[in-house]
Amino acid sequence: MGNLCIENKLDTDVTITFKPIHDQYTLKKDYMKCSQLDGNKPYTITITSPTHENDTTIMILPCDNKLLIVK
């Protein structure tokens, strides 16, 4: 298992969607949430706010502790 923490530094709430596990949650301004994910797998993360939508793919390895800051 690996950990991925996402911190929201935007002025609005954002919606975070993980694929292929189809997990989704809302992250309020200036908050952080960590997820424990299976290692040795790529995850596509879509970040949606009222003004834009971005996505990225991150490879999570076993014992990872990664931080993704949304700016």
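We now turn to the structure provided with this report. A quick note: this is a predicted structure, and the numbers were derived from the prediction, not measured.

**A word on the side chain of Glu-7**
Position of Glu-7 among the secondary structure elements: in strand S1 (residues 2-8). A distance of 3.3 Å separates the side chain of Glu-7 from the side chain of Lys-9, its partner in a polar contact. Leaving out residues up to four positions away in the same chain, Glu-7 has contacts with Leu-27, Tyr-31, Met-32, Leu-67, Leu-68, Ile-69 and Val-70.

**Some details on the packing of aromatic side chains**
Counting across every chain of the model gives 1 aromatic pair. Ring geometry for Phe-18 versus Tyr-25: centroids 6.1 Å apart, planes at 40°, classification tilted. Exposure class is identical for Phe-18 and Tyr-25. Each is buried. When the ring centre of Tyr-25 is taken as reference, the NZ or CZ atom of Lys-33 above it lies at 4.3 Å.

**Quick look at the nonpolar core**
Formed by 16 residues in total, the largest nonpolar core has its most connected members in Leu-4, Ile-6, Ile-16, Phe-18, Ile-45, Ile-47 and Leu-68. Contributing elements (two or more residues each) for this core: S1, strand S2 (14-19), strand S3 (23-27), strand S5 (41-48), strand S6 (53-60) and strand S7 (65-70). Once you skip the residues sitting within four places of it in the chain, Ile-6 turns out to touch Ile-16, Phe-18, Tyr-25, Leu-27, Tyr-31, Met-32, Lys-33, Ile-45, Leu-68 and Val-70.

**Details of the environment of Leu-37**
Mapping Leu-37 onto the fold places it in strand S4 (residues 32-37). Separated by 13 residues in the primary sequence, Leu-37 and Pro-50 place their C-alpha atoms 27 Å from one another.

**Some thoughts on the sheet that holds S7**
Backbone-to-backbone hydrogen bonds join strands into a sheet, with any given pair of strands oriented parallel or antiparallel. Read from one edge of the open sheet, 3 strands run S4-S1-S7, paired in mixed fashion. What marks the edges here is a single partner per strand, and that holds for S4 and S7. Taking each pair of neighbouring strands and ignoring which way they run, the sheet shows an average axis angle of 20°. As defined by bridge partners, S1 adjoins S4 across 6 bridges and the pair is classed as antiparallel. What sits directly across from Gly-2, in S4, is Leu-37.

**Comments concerning the state of the cysteines**
For the coordinates displayed, the defined rule picks out 1 disulfide. Note on cysteine connectivity: Cys-5 is disulfide-linked to Cys-34, with sulfurs 2.0 Å apart. Measuring handedness by torsion sign, the sulfur bridge of Cys-5 and Cys-34 sits at about 100° and is right-handed. You can see Cys-5 sitting in strand S1 and its partner Cys-34 sitting in strand S4, a full 29 residues away along the chain. The exposure class assigned to Cys-34 is partly exposed, which follows from its relative accessible area of 43%. Residue Cys-63 stays outside any disulfide, its sulfur separated by 15 Å from that of Cys-5, the closest cysteine.

The rules behind these values
Residues numbered from 1 in each chain as written. Predicted model: local features only at pLDDT ≥ 70, side-chain atom pairs only at ≥ 80, totals over all residues. Heavy atoms only, no water. Helix = DSSP H or I, 4+ residues; strand = E, 2+ residues; numbered from the N terminus. Polar contact = N/O pair within 3.5 Å; in protein donor to acceptor, adjacent residues only side chain to side chain. Contact = heavy atoms within 4.5 Å. Phe/Tyr/Trp six-rings, centres within 6.5 Å; stacked < 30°, edge-to-face > 60°. Buried < 20%, exposed > 50% of the residue type's maximum accessible area, 1.4 Å probe, protein only. Lys NZ or Arg CZ within 6 Å of the ring centre and 35° of its normal. Core = buried A, V, L, I, M, F, W, Y, C linked by side-chain atoms within 4.5 Å. Pairing = 2+ DSSP bridges. Axes fitted to C-alpha atoms, helices over the stretch in contact; angles between N-to-C directions. Disulfide = S-S within 2.5 Å.

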